[in-house]
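Structure assessment
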Amino acid sequence: MASVGTALRELRGAQKSAKGVSLYSRFVNRPAGRYLAAGSYALGLTPNQVTLVSAAFSFAAVAAVALVAPSWGLGVAVWAALAVGFAFDSADGQLARLRGGGSAAGEWLDHVVDCAKITALHTCVLIAFHRFPGEYGIEGEGWLLVPLGFQFAAVVTFFGGLLTEKLKPKPAPGSPAAAPSTLRAVALLPVDYGVFCLVFLLLGGGKLFAYAYAGLGAVAVLFLLAFLTKWFRELSAVRR
């Protein structure tokens, strides 16, 4: 089995295109995932096992949001677990490429875990708002609509983006990859999952968390409308 250093060198030359990727994913999450993929390769882990490690970190954080009263300490723990889970989510695909390619079952498992994670996270924020309204400084059941709306925007964006990639024509083999846009990478930061995870650092801030979360939810809805318009226009030119 190759050493971590050898695996890292091979991974540097086997990265996906940075087109359409935010600055956080490009410069933080993917590099972190590269180190985790190299370590997993040295340990003999499979991509599916790495996906399950990602799920374990993510769902532990999700459950804590729903079950534990908010505090600054909880916020740090939840953010750290979500961030590590997200890095392992990047590592599974990189590990698959390092091992010579992934499988359809592995890709399916990765997407199912991602969708479940997104759905569960906003559901658990809803549960937390219901269980601990005083700690979050919120009043009225109207606040329960915020995570529902955020969840709707996040899930439709996830599914719409995934389906668009499946329906768009694949570039011809050997064609040069489009250069990544720095402006687009910056613009995508508000809807990057890694940036979203940062809001949980505010769990001890009561109403501060509630309003920051609601603000990101509003941004997610606006981006959803923009994405849907863009994707529909792109696919309107595709003949099947």
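Residue positions are given per chain, counted from 1 along the sequence in the order it is written. Whole-chain, interface and lining totals are the exception, using all residues; otherwise, since this is a predicted model, local features are given only for residues with pLDDT of at least 70 and side-chain atom pairs are given and counted only at 80 or more. Only hydrogens and water are set aside when side-chain values are computed; all heavy atoms of the structure are taken into account.

Quick word on a nonpolar patch on the surface
- Note that patches include only residues with greater than 30% relative accessible area and no salt bridge, and the join distances are 9 Å for like charges and 5 Å for nonpolar side chains (Val, Leu, Ile, Met, Phe, Trp, Tyr). Here the open area of atoms and residues is found with the Shrake-Rupley method and a 1.4 Å probe, where only the protein chains shown may cover a residue. Any Lys or Arg side-chain nitrogen located within 4 Å of an Asp or Glu carboxyl oxygen qualifies as a salt bridge. Together, V221, L222 and L225 make up a nonpolar patch on the protein surface, roughly 270 Å² of accessible area in all.
- To qualify as a helix, a DSSP run of H or I must reach at least 4 residues; to qualify as a strand, a run of E must reach at least 2; elements of each kind are numbered from the N terminus. With respect to the element layout, L222 can be found in helix α10 (residues 207-236).
- Residue exposure (1.4 Å probe, protein chains only): buried if accessible area is under 20% of the type maximum, exposed if over 50%, otherwise partly exposed. Relative accessible area serves as the criterion here: at 57%, L222 is assigned to the exposed category.

Remarks on the packing of helix α5 (residues 104-131) against α10
- Across the interface, α5 lies against α10 with an axial gap of 13 Å and an inter-helix angle of 145°. Crossing handedness for the pair α5 and α10: left-handed. Here α5 contributes H122, V125 and F129 to the contact with α10, which in turn contributes F209, A210 and Y213.
- In this count, Pro and Cys sit with the nonpolar residues alongside Ala, Val, Leu, Ile, Met, Phe, Trp and Tyr, while Asp, Glu, Lys and Arg are called charged and the others, Gly among them, polar. Grouping the constituent residues of the contact of α5 with α10 by class yields five nonpolar, one polar and no charged. Here, axes are lines fitted to C-alpha atoms. For helices the fit covers the stretch in contact, and angles between N-to-C directions go from 0 to 180 degrees. For any helix crossing, the convention is left-handed if the near helix is rotated counterclockwise from the far helix by under a right angle, and right-handed if that rotation is clockwise. Contacts are assigned to residue pairs that have any heavy atoms within 4.5 Å of one another.

Digging into the nonpolar core
- Among buried residues, the Ala, Val, Leu, Ile, Met, Phe, Trp, Tyr and Cys ones that are joined through side-chain atoms within 4.5 Å form a nonpolar core. Counting residues in each nonpolar core, the largest one holds 35 residues, and the members touching the most others are V78, L82, F129, Y136, F196, F200 and F209.
- Listed by contribution, the elements that provide at least two residues to this core are α3 (47-67), α4 (72-98), α5, α7 (145-167), α9 (193-197) and α10.
- Setting aside residues up to four positions removed in sequence, Y136 forms contacts with P70, A128, F129, L203, G206, K207, F209 and A210.
- Formed by seven residues, the second largest nonpolar core is a distinct cluster that contains A37, Y41, F88 and A91.

Side note on α3
- To estimate how far a helix should reach, multiply one less than its number of residues by 1.5 Å. Compared with an ideal rise of 1.5 Å per residue, which puts 21 residues at 30 Å, α3 spans 30 Å between its outermost C-alpha atoms and is within 8% of the ideal.
- The complete set of buried residues in α3 reads P47, V50, T51, S54, A55, S58, A61, V62, A64, V65 and A66.
- Looking at the buried positions of α3, the neighbouring elements they touch are α2 (23-43), α4 and α5.

Description of the side chain of D110
- For D110, the location among the structural elements is in helix α5.
- As a buried residue without a salt bridge, D110 has its nearest oppositely charged side chain in K117, at a separation of 7.1 Å.
- Those residues in contact with D110 that sit more than four places away from it in its chain are T51, D89 and D92. Residues scored as charged are limited to Lys and Arg (positive) and Asp and Glu (negative), so that His and the chain ends carry no count.

Some words on α7
- For α7, with 23 residues, the first-to-last C-alpha span of 32 Å sits near the 33 Å given by 1.5 Å per residue.
- What α7 keeps buried is the set P147, F150, Q151, A153, A154, G160, G161 and T164.

Focus on the packing of α2 against α4
- Relative orientation of the contacting elements α2 and α4 amounts to 65°, with a least axis distance of 7 Å. Judged by the sense of rotation from one axis to the other, the crossing of α2 with α4 is right-handed. In this structure, α2 contributes Y24, S25, N29, R30, A32, G33, R34, L36, A37, S40 and Y41 to the contact, and α4 contributes A83, F86, A87, F88, S90, A91, Q94, L95 and L98.
- Looking at side-chain class alone, the contact of α2 with α4 contains twelve nonpolar, six polar and two charged residues.

Observations regarding the packing of aromatic side chains
- Between 30 and 60 degrees the pair is tilted, below 30 it is stacked and above 60 it is edge-to-face, where a pair is any two Phe, Tyr or Trp rings, Trp via its six-membered ring, whose centres lie within 6.5 Å. One pass over the full model with this rule turns up 18 aromatic pairs.
- With centroids separated by 5.0 Å and ring planes inclined at 45°, the aromatic side chains of F150 and Y213 adopt a geometry described as tilted. One end of the pair, F150, is in helix α7; the other, Y213, is in helix α10, with 63 residues separating them in the sequence.
- Classification of Y213 by relative accessible area gives buried; the value is 0%.
- An aromatic cluster is defined as three or more aromatic residues linked by ring pairs; in this entry it consists of Y24, F86, F129, Y136, W143, F150, Y193, F196, F200, F209, Y211 and Y213.
- Here the basic side chain of K117 rests over the ring of Y193, its NZ or CZ set 4.5 Å away from the ring centre. Any Lys NZ or Arg CZ found within 6 Å of a ring centre and within 35 degrees of that ring's normal is scored as a charge over the ring.

So, the environment of L144
- Along the polypeptide, L144 turns up in the loop between α6 (133-136) and α7.
- For the pair L144 and I127, spaced 17 residues apart in the sequence, the C-alpha separation amounts to 8.3 Å.
- Contact partners of L144, with chain neighbours within four places excluded, come to L126, F129 and H130.

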